[in-house]
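# Examination of the molecular architecture
Given next are the chains, with one letter for each unit.
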Amino acid sequence: ETVINQTGSDTASTNNTITIQAEKNQTAQVTISDVNINVRWEGKAAISTGGDGNVTIELDGSNTAKGDDNHNGGNLTITDADGDGALNAKGGAFGAGIGGGHQGSGSDITISGSAEVTAKGGAYGAGIGGGHRGSGSNITISGNAEVITTSGNNGTGIGGGKFGNGEITPNTDNLTNGFIAYYD
């Protein structure tokens, strides 16, 4: 397992980004610990995934990822096994907080375990799902995950961006334990 830690993240952000590649039938497991990435107006993702495989990101500490989009391909799982991590994700111009960039879809995204995730879309992007004109599908929230999402202008909290479609699979046994999605 790879652990990515940023020293001094409580006082300053970095414009270094994280790219995780997982080939078909492979799983890449990465822990992010106290990272604070801000590339919102630089036309790139703070954290991007590639390939047709599975990427699992374990959250440790307080993590911030501000970029144009945060998920490009394959299956993405954001989790926290030991209850000590959180992620605040924000999309840039027309991107989702977690999901597709401009005209990009965000699919096959799971937030599980005890993950605490706050995601806000950029202009017309979903909090989690598609960017502007992008759809969001196969978005699953399970376990004790606490998720708060806010769209950009005219997107959805979870699902599609403006002019996109969306689909979510919530953990219906646990909706009262921290699932909030709202339009901003």
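Preceding this paragraph is the structure being described.
Notes on the structure in this doc start here.

Criteria and thresholds
Residues numbered from 1 in each chain as written. Predicted model: local features only at pLDDT ≥ 70, side-chain atom pairs only at ≥ 80, totals over all residues. Heavy atoms only, no water. Helix = DSSP H or I, 4+ residues; strand = E, 2+ residues; numbered from the N terminus. Buried < 20%, exposed > 50% of the residue type's maximum accessible area, 1.4 Å probe, protein only. Contact = heavy atoms within 4.5 Å. Areas by Shrake-Rupley, 256 points an atom, 1.4 Å probe, with all protein chains shown as cover. Pairing = 2+ DSSP bridges. Core = buried A, V, L, I, M, F, W, Y, C linked by side-chain atoms within 4.5 Å. Phe/Tyr/Trp six-rings, centres within 6.5 Å; stacked < 30°, edge-to-face > 60°.

### Concerning the overall build of the chain
- A count of helical and extended segments in the chain gives 0 helices and 17 strands.
- Evaluated residue by residue, the chain yields a buried proportion of 49% over its 184 residues.
- Of all intrachain contacts in the chain linking residues separated by at least 6 positions in sequence, the fraction that spans at least 24 positions is 74%.
- In the structure as shown, the chain presents an accessible area of about 8,100 Å², 41% of it carried by carbon and sulfur atoms.

### Remarks on the sheet that holds strand E15 (residues 158-159)
- Spatial strand order, E9-E12-E15: 3 strands in an open sheet with parallel pairing. Only two strands of the sheet have a single neighbouring strand rather than two, namely strand E9 (98-99) and E15.
- Bridge count for strand E12 (residues 128-129) against E15 is 2 bridges, and the pairing is parallel. Note that in E15 the partner of Ile 128 across the bridge is Ile 158.

### Considering the side chain of Gln 6
- With respect to the helices and strands, the residue Gln 6 is situated in the loop between strand E1 (2-5) and strand E2 (18-21).
- According to the relative accessible area criterion, Gln 6 is buried, its value standing at 15%.

### Remarks on the nonpolar core
- Counting residues in each nonpolar core, the largest one holds 31 residues, and the members touching the most others are Ile 98 and Ile 128.
- For this core, the elements supplying multiple residues, two or more each, are E2, strand E3 (27-33), strand E6 (54-67), strand E7 (75-80), strand E8 (85-91), strand E10 (106-113), strand E11 (116-120) and strand E13 (136-141).
- Here the element with the most residues in this core is E6; it accounts for 4 residues.
- Setting aside chain neighbours within four positions, we find Ile 128 in contact with Ile 98, Ile 109, Ile 111, Ala 119, Ile 139, Val 147, Thr 149, Gly 157, Ile 158 and Gly 159.

### Some remarks on the packing of aromatic side chains
- Scanning all chains against the criterion turns up 1 aromatic pair.
- Ring centres 5.9 Å apart and planes at 10 degrees place the aromatic pair Phe 94 and Tyr 124 in the stacked group. Here Phe 94, found in the loop between E8 and E9, pairs with Tyr 124, found in the loop between E11 and E12; they are 30 residues apart in sequence, far enough to count as distant.
- We classify Phe 94 as partly exposed; its relative accessible area is 31%.
- Accessibility expressed as a relative area gives 25% for Tyr 124, which makes it partly exposed.

### Looking at the pairing of E8
- Taking burial as the measure, the 7 residues of E8 include 5 buried ones, the bulk of the element.
- For E8 and E11, the ladder comprises 5 bridges, and the chain directions are parallel. Bridging from a neighbouring strand, Lys 90 pairs with Lys 120 of E11.

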